[in-house]
Amino acid sequence: MTVIVRDLRPDDRSDVEAFTRVRQLALPHILWSPDAILHHLTRTPPEARFRSLVAEEDGEVIGTAQVALAHDSPEPGQGLLNIYVHPDRTRRGAGGLLVRAAEEHLAAHGATKLFAWLLDEPANRAFAERRGYGPGRSAHFLRLDLTRAALPPLPAPPPGIELRTAADFMADPRPLFELDAETTADEPSDVDAEFTDYQAWVESTWGHPLLNRELTTVVLADGRPAAFSVAHTDGASRYASAMTGTARAYRGRGLAKLAKAHALHRAHAAGCTQALTGNDTGNGPMLAINKWLGYEICATEVRYVRELG
């Protein structure tokens, strides 16, 4: 049996669905869909040199990779690779071949430092360390069963605070772009990001196929968006809190907690039965909010780093 690595075929729906299935099995703590996979491939700016790769064994897709330069970072030369293999098809060389192809692609386009997220498991740690990667930051995946959980009562908005949804900004989403750019710039990360291209944000973030504008909650203060909690849904029963943040001038007032709580209650009322979220292990305040909402840690991911050269 021979394993080969090739590019994902975006015009072949069955190929995209096979890529999606591997991701769903290997990393069930994130929402995946064929449309989202295609959206990422076709809407990522060209300067990212983005590629979706598959490892194929005798016609079966058994491994996947998403590879890109950190094009929106102020620091050049940073590469990103996320490798996931079908959990029943490990130890066949797919992961190693995908890593090699990803590294060669990134190095050819000027990357000198590589970052890769891996689930914090012994086999994954050994895999990364054999290839020269060292552990860095970690983050938790959290899950909440909305069929059993008793959600905490909704906090009342403070005086002068108004709650809206992203659907209220359909005519002009630029204020949400500005809030997203500010909160993303302050988010703890190994790879800093700066959002400066509004049109690119409209295509990649505002136009994301998993974005649910009716559940995405926006907190207004002084008539402007001050905090938000972005909702992704899979069109069936799963809801994911994709990003929660507060503008610098309004932090310390509980607005992120307010936004996230209202988004979660809206998801429950809409019939979602499972809620997912992520939490950097260094972000204690957000972890406290997630615990208050009832989320429980279900897995931990570690970002591994390798210097090239």
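Going by the structure above, here's the rest.
Residues numbered from 1 in each chain as written. Predicted model: local features only at pLDDT ≥ 70, side-chain atom pairs only at ≥ 80, totals over all residues. Heavy atoms only, no water.

*Asks:* Please clarify how the packing of aromatic side chains should be interpreted in this entry.
*Replies:* The relative placement of two aromatic rings is captured by the distance of their centres and the angle of their planes. All told, the structure shown has four aromatic pairs when counted by the stated rule. Taken together, a centroid distance of 5.4 Å and an interplanar angle of 70° make the contact between F177 and Y198 edge-to-face. Of this pair, F177 sits in helix α5 (residues 174-186) while Y198 is found in helix α6 (residues 198-206), placing the two residues 21 residues apart along the sequence. Taken together, the aromatic side chains of F177, Y198, W201 and W206 make up a single cluster linked through ring pairs. The ring of Y295 carries the charged tip of K260 above its face, separated from the ring centre by 5.8 Å. (Phe/Tyr/Trp six-rings, centres within 6.5 Å; stacked < 30°, edge-to-face > 60°. Helix = DSSP H or I, 4+ residues; strand = E, 2+ residues; numbered from the N terminus. Lys NZ or Arg CZ within 6 Å of the ring centre and 35° of its normal.)

*Asks:* Please clarify how the sheet that holds strand β4 (residues 78-85) should be interpreted in this entry.
*Replies:* The strands making up a sheet associate through backbone hydrogen bonding, with each pair oriented either parallel or antiparallel. Strand order in the open sheet formed by twelve strands is β1-β2-β3-β4-β5-β12-β6-β11-β10-β9-β8-β7, and the pairing between neighbours is mixed. Strands with a single pairing partner mark the edges of an open sheet, and in this sheet they are β1 (3-7) and β7 (161-165). Recorded for the sheet is a direction-independent mean angle of 25° between the axes of neighbouring strands. Relative to strand β5 (residues 113-119), β4 is paired through three bridges, and the arrangement is parallel. What sits directly across from L80, in β5, is F115. Sitting on the sheet, helix α3 (residues 94-108) is in contact with β1, β2 (51-57), β3 (60-69), β4, β5 and β12 (296-307), with an inclination near 160° to β4. Relative to the sheet, α5 contacts β8 (217-221), β9 (224-233) and β10 (238-246), its axis offset from that of β9 by approximately 85°. (Pairing = 2+ DSSP bridges. Axes fitted to C-alpha atoms, helices over the stretch in contact; angles between N-to-C directions. Contact = heavy atoms within 4.5 Å.)

*Asks:* Explain the side chain of H208 here, please?
*Replies:* Take H208: it is sitting in the loop between α6 and β8. Not counting residues within four places of it along the chain, the set of residues in contact with H208 comprises A36, H39, E203 and H232.

*Asks:* Would you explain the nonpolar core in this entry?
*Replies:* Nonpolar side chains tend toward joint burial in soluble globular proteins. Ranked by size, the top nonpolar core spans 25 residues in total, and within it L176, W201, W206, V219 and L255 carry the most contacts. Ignoring sequence-local partners within four residues, the contact set of W206 consists of A166, F169, M170, P173, L176, W201, L211 and R213. Counting residues in hydrophobic clusters, the runner-up holds 24 residues, among them A55, L81, V99 and V302. (Core = buried A, V, L, I, M, F, W, Y, C linked by side-chain atoms within 4.5 Å. Buried < 20%, exposed > 50% of the residue type's maximum accessible area, 1.4 Å probe, protein only.)

*Asks:* Please clarify how the environment of A240 should be interpreted in this entry.
*Replies:* As for its placement among the helices and strands, A240 is situated in strand β10. Placed 173 residues apart in sequence, A240 and V67 show a C-alpha to C-alpha distance of 23 Å. Sequence-distant contacts of A240, defined by excluding residues within four places in its chain, comprise L31, V230, A231, H232 and L276.

*Asks:* What am I meant to see in the pattern of salt bridges here?
*Replies:* Where charged atoms from two side chains of opposite charge approach closely, those side chains can pair. The full count for this structure, using the stated rule, is 16 salt bridges. Between E17 and R13 there is a salt bridge whose closest N-O contact spans 3.7 Å. Of this pair, E17 and R13 both sit in helix α1 (residues 13-26), four residues apart, which is roughly one turn of the helix. Here R248 and D186 are joined by a salt bridge, their closest N and O atoms 2.6 Å apart. Of the two residues, R248 sits in the loop between β10 and α7 (255-269) while D186 sits in helix α5, which places them 62 residues apart along the sequence. Looking at D186, the relative accessible area reads 33%, which means it is partly exposed. Sharing partners across several salt bridges, the network here consists of E182, D186, R248 and R251. (Salt bridge = Lys/Arg side-chain N within 4 Å of Asp/Glu carboxyl O.)

These values are about where atoms sit, not about what they do.
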